[in-house]
Amino acid sequence: MAYGVALVVSGSRGNRLLFLSTECLVVNNFTTESINEPLLNELSPKILAELLIPNPRATNRQFNLTVDQWRFLGHCKSCTNFEASSQTIFNVVFVIMGSVADTICHHVTDRVAAGLAHEEERVGYLSNQTMVMMQVLEEEGEGNETLHGSMFPYLMMLRRQCHLACLLQRVLQCVKEKKLYVAERINNWSLVSMLQHPNKLGDDLVRPYHAVLLLEDGNKLLSELPTYCSPTFVRLLKVVSPPTRSLEQISVDADLPLGLVVQLVAHLIEWRKAIAIAPLSENNVYSTSQHAQEIITEEMKSQFELDFNNCNLIEFLSHFSQPLPLRDHQLDYQMRLSDTEDHVSTEGGQFVQMVGWLLRRHLIIQLHIYIFAVPQCPPLEASSVISKEDNDLFKRLRKYFNGSHHLEEIMYLEDMTRSELLTLLDKFSSLLVTCTLPAS
C-alpha cells in the first residue's frame with residue numbers, strides 16, 4: 001500500500017526534504033501514527049533528500065528507487081519560476097511497501113508534479129510554498145538526525161500554514177483509500193484530476209445506436225466542469241438525458257457531428273460519469289440481475305424511497321423478476337398499483353427514471369437477441385419465398401450468427417433496419433436458433 005508521500009526540492013541551499021507524511025487523515029483531524037519502520041527511522045532527512053533527487057539529466061521523467069523493502073515512486077520535474085530568475089528541480093514521491101502497481105503511483109505523481117510546475121512558472125507558487133516549509137522546518141529544529149520523533153510536530157505546523165502540505169496529504173489519503181477519482185486544485189487555480197484505475201475504454205466500444213445514462217445528476221456535472229471546459233461538452237451534457245435517444249439522435253438535437261458525440265461520450269464513460277446503454281424503449285427486454293441481492297443496501301432502499309415518493313425498492317424490483325419487454329413491466333406495475341387503495345401515481349416519465357435508477361446500480365440488466373446458425377446446414381435453395389439476393393445476404397451475414405453479435409450490433413455493422421433483418425431471419429428460421437441473453 002502507499003505508506004507516505006514526500007516532497008524534495010533542489011535549490012541554492014542544496015537538496016532539501018521539505019515534506020514527508022506517513023499519517024492517515026481522519027475527518028478533519030490527523031492521527032498520531034509515527035513512522036515505525038527501521039529503515040525510515042534510521043535515515044536522516046538529509047540522506048533521504050540526496051536519495052530522492054536524481055541527477056539533473058534524469059529530470060522530467062519517472063523516478064523509481066528501491067531500498068530494502070521500501071520503494072520510492074515519483075516524478076522528478078525541472079521548471080523555471082515565473083520571473084525566469086532561477087530553475088527549480090523537485091520530486092513528488094510516494095513511499096510504498098508491497099506490490100502497489102507502479103502505474104497508479106506514477107500516474108498520480110506525474111499529474112501533481114505537472115500541476116506544480118505549471119503554477120511555479122505562472123506565479124512562483126512552488127517557490128512560495130518552499131519558503132513557508134523551510135521557515136517552519138528551521139523553527140521546529142532541523143538538526144534532528146533521524147525522522148523518528150522530529151517530523152510529527154513539523155507536519156502539524158505545516159498543515160496549519162502550508163496549502164501545499166495539505167494538498168499532498170489529501171492526495172496520499174485518496175491513494176491509500178484507493179479512491180477511483182482524484183481531483184485537487186493547486187493554488188486554487190490549476191485543476192489536477194485523474195483516474196487511479198483508468199477504464200482504457202476507446203470510442204470503438206461506443207456505438208451510434210447507444211444512449212447515454214448519466215451516473216450523476218446532469219446539473220451537478222455541469223456545475224463541476226472547469227471554467228475552461230469546451231462549450232461543445234456543455235452543450236452535449238444539456239441534451240443527453242433522458243436515455244431514450246440514440247447518439248445519432250443526440251447529434252442532431254445538439255447540432256454536433258456524430259463522431260465528436262461518440263468521442264465525448266467515451267470520455268464520460270472513461271471518467272465513470274456515464275454508461276452506454278440501448279435507448280430505453282418499450283420493446284427492450286429487462287430482468288433482475290442475479291447479483292441484485294448482493295448489491296442492495298439499506299442506504300440504497302432509503303435513497304429510492306426519497307427519490308420516488310416513498311416507493312419500495314424491493315417491491316418495484318420484483319416486477320422485473322421475469323424477462324419481459326419494458327412495456328409489460330410497466331403495465332404489470334400499473335396494474336398492481338391500481339389494486340392498492342393508497343398508491344402513488346407513477347407517470348411514464350417517472351417510470352423511465354425509476355428504470356434508469358436500477359440500471360445505474362446494475363440491479364436490472366437488458367437481454368439481447370443473439371443468433372446461432374445450426375451447424376452443417378447449407379443455405380436454402382432459391383424459391384418463391386427465398387430469392388438469390390436473400391441467399392447472398394444470408395451468406396454475408398452468417399459470420400455474425402455465432403452468438404457474439406446481438407441484433408442491434410448486426411444492424412449497425414451492416415447498415416440495416418430492424419424490419420429488414422427480422423424479415424431475413426424469418427425466411428431462414430429453419431437454419432437458425434435465437435436466444436435472449438445478457439450482453440456479452
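Residues numbered from 1 in each chain as written. Predicted model: local features only at pLDDT ≥ 70, side-chain atom pairs only at ≥ 80, totals over all residues. Heavy atoms only, no water.

### Looking at unusual backbone geometry
So, point 1. Note that the residue after Ser241, namely Pro242, is joined by a cis bond; omega there is -5 degrees.
So, point 2. Looking at the element boundaries, Pro242 is found in the loop between α8 (231-237) and α9 (247-254).
So, point 3. Its identity is not glycine, yet Asn310 carries a phi of approximately 65 degrees, on the positive side.
So, point 4. Residue Asn310 is classed as exposed on the basis of its relative accessible area, which comes to 64%.
So, point 5. Although it is not a glycine, His362 sits at a positive phi angle of roughly 60 degrees.
So, point 6. Structurally, His362 is set in the loop between α15 (348-360) and β14 (364-373). (Helix = DSSP H or I, 4+ residues; strand = E, 2+ residues; numbered from the N terminus. Buried < 20%, exposed > 50% of the residue type's maximum accessible area, 1.4 Å probe, protein only.)

### Considering the nonpolar core
So, point 1. Within the largest apolar cluster, 38 residues are counted, with the highest numbers of intra-cluster contacts made by Leu7, Phe90, Phe94, Met133, Leu164 and Leu168.
So, point 2. Here this core gets eight residues from one element, more than from any other, and that element is helix α6 (residues 163-176).
So, point 3. Ignoring any residue separated from it by four or fewer positions in sequence, one finds Leu164 in contact with Leu7, Leu116, Tyr125, Leu126, Gln129 and Met133.
So, point 4. The next biggest cluster of nonpolar side chains, apart from the first, holds 26 residues, and it includes Leu280, Tyr286, Val355 and Ile364. (Core = buried A, V, L, I, M, F, W, Y, C linked by side-chain atoms within 4.5 Å. Contact = heavy atoms within 4.5 Å.)

### Quick word on the packing of α9 against helix α10 (residues 258-270)
So, point 1. Where α9 contacts α10, the two axes come as close as 9 Å, and the packing angle between them is 110 degrees. Taken together, the axes of α9 and α10 are roughly perpendicular relative to one another. For the crossing formed where α9 meets α10, the hand is right-handed. From α9, Leu247, Glu248, Ile250 and Ser251 reach across to α10, where they touch Leu258, Val261, Val262 and Val265.
So, point 2. Residues belonging to the contact of α9 with α10 are distributed by class as follows: six nonpolar, one polar and one charged. (Axes fitted to C-alpha atoms, helices over the stretch in contact; angles between N-to-C directions. Parallel < 35°, antiparallel > 145°, perpendicular 65-115°, else oblique. Left-handed = near helix turned anticlockwise from the far one by under 90°. Nonpolar A, V, L, I, M, F, W, Y, C, P; charged D, E, K, R; others polar.)

### Focus on the environment of Gln322
So, point 1. Along the chain, the position of Gln322 falls in the loop between α13 (313-317) and β13 (324-325).
So, point 2. Residues Gln322 and Tyr286, spaced 36 residues apart in sequence, show a C-alpha to C-alpha distance of 8.1 Å.
So, point 3. Look past the residues within four positions of Gln322 in its chain and what remains in contact with it is Tyr286, Ser287 and His329.

### A word on the confidence of the model for the chain
So, point 1. In this model, the chain carries a mean pLDDT of 82, and residues with pLDDT of at least 70 account for 82%.
So, point 2. Scored below 50 in pLDDT, residues 24-36 shows 29 contacts in the model against residues more than four places distant or in partner chains.
So, point 3. The model gives residues 341-345 a pLDDT under 50, and that stretch makes four contacts with residues more than four places away or in other chains. (pLDDT = per-residue confidence, 0-100.)

### Focus on the packing of aromatic side chains
So, point 1. Across all of its chains, the model carries 10 aromatic pairs by this definition.
So, point 2. Aromatic pair Phe316 and Phe351: ring centres 5.8 Å apart, planes at 75 degrees, arrangement edge-to-face. With Phe316 in helix α13 and Phe351 in helix α15, this residue pair connects regions lying 35 residues apart in the sequence. The same class applies to Phe316 as to Phe351, namely buried.
So, point 3. Following the ring pairs from residue to residue traces out a cluster consisting of Phe304, Phe308, Phe316, Phe320, Tyr333, Phe351 and Trp357.
So, point 4. For Arg361, the ring lying beneath its charged end belongs to Trp357, and the centroid distance is 3.7 Å. (Phe/Tyr/Trp six-rings, centres within 6.5 Å; stacked < 30°, edge-to-face > 60°. Lys NZ or Arg CZ within 6 Å of the ring centre and 35° of its normal.)

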